[in-house]
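Residues per chain, in single letters:
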Amino acid sequence: MTTPRISIEGLTKYYGEVLVLDDVNLAVAPHEVVCLIGASGSGKSTLLRCINLLSEFDYGTISLDGVSVEDPIWGRNGLYRRVGIVFQAYNLFPHLSVIQNITLAPLKVHKTAKQEALATARELLAAFGMAEFENAYPEQLSGGQQQRVAIVRALATRPEVLLLDEVTAALDPELVGEVLAIIRRLKTEGMTMIIVTHEMGFARDVADRVCFLADGRIMEEARPEALFSAPQHPRTQKFLQRIIEAGRL
Amino acid sequence: MTTGTVPETKTTAADPDMGSRRTPPPPRKKTLTATERYVPSVISIAMVLIVFGLVAQVVTSAEQWPRIARQFFDLGAMATAFPNVLRGFWINVQVWAVCLFSIMVWGLVLALMRSLTGPWFAPLRVFVVLYVDLFRGLPVLLLVLIFGFGIPALNLPGLPNSALFWGATAMVLSYSAYTSEIYRSGIEAVHDGQRAAAKALGLSQWQAMLYAILPQAIRNVIPVHLNLAVALQKDVALLSVIGVRDAVREAQIYTGMTFNYSSLIAAALLFLVATIPMARLTDYIAKKDRQRRLMGAL
């Protein structure tokens with residue numbers, strides 16, 4: 001078996017006295033797409049943010065290609081070049097234009113030559129149908145367009161892993177499709193992705209594996225067909241039952 | 001919810017009734033008759049004229065009015081004093097500009113020192129806290145007196161000895177305590193998601209501040225700073241008490257010679273000419289800023 005791209009072992013985290021991640025173990029192979037589902041507060045977003053050290057954790061290890069993400073060997077930038085993240089609220093910089101948002105990290109952090117950074121950014125924008133907006137500011141774009149720019153920004157350093165944190169949760173329903181289409185495309189291009197989502201249909205469709213989290217633990221993980229049609233754990237059954245009742249599956 | 005494939009629904013174009021239904025044209029702007037259009041304005045202007053006219057009538061018909069007019073509104077005295085007062089006012093404007101620039105820069109430096117995290121920077125943070133407590137807690141006038149009279153009297157080698165320099169320094173020290181707090185509130189008001197995004201892109205703490213947080217923070221606090229700039233425009237007149245020959249000092253000199261106060265009124269008018277447009281500009285920018293925020297909230 002090859003080394004997993006991302007390997008999480010015994011990950012445990014407290015917020016004060018509250019246990020938010022409880023001995024989480026997860027290995028993600030290169031080019032694999034893993035969806036994390038579960039109720040709000042189940043720890044799935046926190047788990048995602050631990051992977052690129054946006055959240056600190058108390059016990060356990062997270063490795064990228066077999067090397068702990070906390071290992072100084074990564075330097076300050078190495079990890080962030082190889083692991084990109086996209087947030088629910090886009091978090092684009094409002095004072096910077098689309099192209100400036102995308103080239104900020106390549107230029108200032110990774111010291112890419114300006115011509116090269118611009119060329120990469122334009123190529124990515126064109127690939128995602130945003131070429132005409134390179135000089136627009138985030139507030140001039142729709143939510144779906146902003147999220148596409150945020151995805152391009154995360155891709156600008158050519159990362160190998162993309163973390164997606166409820167990237168469609170803030171979007172109007174009619175704009176969800178355009179963002180999901182991009183994620184599907186990234187899958188076909190072989191991107192390794194860990195996706196936190198409430199879009200069960202999308203998870204079933206795009207994931208190689210779905211993990212159901214509750215109380216900070218991975219209660220059940222399975223191929224999407226198995227997990228959605230024949231959930232084993234009572235908590236998963238209950239969760240999916242509620243989703244079905246809400247008409248969301 | 002399944003995404004991706006949305007079932008085809010009946011489109012309006014296929015609706016057979018579509019051709020027969022006439023969309024009404026947009027409503028025409030209501031045309032006002034001449035009476036409707038002008039009468040409210042006429043009433044407003046008339047009322048203002050009547051009320052202010054009556055007040056003026058009462059004031060000028062008072063027994064003491066001729067004496068007041070002679071003491072404060074003597075046009076001849078104003079004209080005589082004006083060249084000196086204007087020259088003094090030019091000093092006010094220059095001091096204001098230099099102080100304002102220094103205050104904005106030094107206040108920002110203080111705010112950045114305060115925002116540094118990590119145990120190594122504790123002395124800087126403590127310094128800023130003490131600095132702000134000290135200079136925000138003291139009257140500007142007192143600082144101007146201490147610096148403007150006290151320090152030149154020491155004859156410190158290698159440092160300027162002018163009252164103007166040290167008085168202006170006192171203004172900068174006092175006002176920068178306020179501006180640093182304003183900058184700090186602006187920095188803290190930037191959403192945490194922006195910091196997370198900057199960190200996730202690999203920006204160092206300093207780069208995140210410089211490229212992501214600070215530009216937004218400064219834009220947030222511009223209206224507040226403009227208010228402070230208006231206040232400073234007037235407060236530079238405090239330097240007159242340490243002998244700086246600004247507009248107020250020049251006007252006082254004239255008053256001292258003639259016992260006529262019209263020169264002070266001339267100085268007052270000059271200050272109003274400078275501060276009122278500045279205040280209007282501040283209101284305008286604050287309004288724009290409010291609109292921008294409302295747009296952002298939608």
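Cut-off values and rules
- Residues numbered from 1 in each chain as written.
- Chains lettered and ligands numbered in written order.
- Predicted model: local features only at pLDDT ≥ 70, side-chain atom pairs only at ≥ 80, totals over all residues.
- Helix = DSSP H or I, 4+ residues; strand = E, 2+ residues; numbered from the N terminus.
- Rg over C-alpha atoms; globule rule 2.2 N^0.38 Å.
- Buried ≥ 20, exposed ≤ 12 C-beta atoms within 10 Å, placed from the backbone.
- Contact = placed C-beta atoms within 7 Å.
- Axes fitted to C-alpha atoms, helices over the stretch in contact; angles between N-to-C directions.
- Parallel < 35°, antiparallel > 145°, perpendicular 65-115°, else oblique.
- Left-handed = near helix turned anticlockwise from the far one by under 90°.
- Nonpolar A, V, L, I, M, F, W, Y, C, P; charged D, E, K, R; others polar.
- Core = buried A, V, L, I, M, F, W, Y, C linked by C-beta atoms within 7 Å.
- UniProt positions renumbered as here; feature names shortened; annotations may be inferred.
- Pairing = 2+ DSSP bridges.

(A) Up close: the overall build of chain B. If you tally the helices and strands in chain B, you get 10 helices and zero strands. For a compact globule of 298 residues, the expected C-alpha radius of gyration is about 19 Å, and chain B comes in at 30 Å, more than 25% above that figure. With the C-alpha coordinates of chain B rotated into their principal frame, the extents come out at 95 × 75 × 25 Å. Every one of the 298 residues in chain B was classed for burial, and the buried ones make up 29%. In chain B, once contacts between residues fewer than 6 apart in sequence are set aside, the share between residues at least 24 apart is 75%.

(B) Focus on the packing of helix α3 (residues 75-115) of chain B against helix α9 (residues 247-258) of chain B. Residues and elements named next belong to chain B. The N-to-C vectors of α3 and α9 enclose an angle of 150 degrees; their axes lie 6 Å apart at closest approach. The angle between α3 and α9 places the two elements in the roughly antiparallel class. For α3 against α9, the interelement crossing comes out right-handed. Touching Ala 77, Ala 81, Asn 84, Val 85, Arg 87, Gly 88, Phe 89 and Asn 92 of α3 are Ala 247, Arg 249, Glu 250, Ala 251, Tyr 254 and Thr 258, all from α9. Class assignment for the residues of the contact of α3 with α9 results in seven nonpolar, four polar and three charged.

(C) A look at the nonpolar core. Leu36(A), Val152(A), Leu163(A), Leu164(A), Ile194(A) and Leu201(B) are the most contacted members of the largest nonpolar core, which totals 98 residues. By residue number, the principal contributor to this core is helix α8 (residues 205-235) of chain B, which donates eight residues. The residues touching Leu36(A), leaving out its near neighbours within four places in the chain, are Lys44(A), Leu47(A), Ile194(A), Ile195(A), Val196(A), Cys211(A) and Leu213(A). Among the nonpolar cores identified, the runner-up in size contains 38 residues, and Leu100(B), Val172(B), Leu239(B) and Ala267(B) belong to it.

(D) A look at the UniProt feature "domain: ABC transporter" (unreviewed entry) in chain A. Taking the numbering used here, the UniProt-annotated feature "domain: ABC transporter" (unreviewed entry) corresponds to residues 6-240 of chain A. Across residues 6-240 of chain A one finds 37% helix and 26% strand; the C-alpha atoms that close the span lie 27 Å apart.

(E) Main features of the UniProt feature "domain: ABC transmembrane type-1" (unreviewed entry) in chain B. Under the UniProt annotation, the feature "domain: ABC transmembrane type-1" (unreviewed entry) is placed at residues 89-282 of chain B. Note that residues 89-282 of chain B is 81% helix and 0% strand, and that its end C-alpha atoms are spaced 22 Å apart.

(F) Quick peek at the pairing of strand β7 (residues 161-165) of chain A. All names here are of chain A. Taking burial as the measure, the five residues of β7 include five buried ones, the bulk of the element. Side chains Val 161, Leu 163 and Asp 165 project from β7 onto one buried face, and the interleaved Leu 162 and Leu 164 project onto a second face that is buried too. In the sheet, strand β6 (residues 83-86) pairs with β7 via four bridges, with the strands oriented parallel. Paired with Gly 84 across the two strands is Leu 162, which belongs to β7. Here five bridges tie β7 to strand β8 (residues 192-196), and the two strands are oriented parallel to one another.

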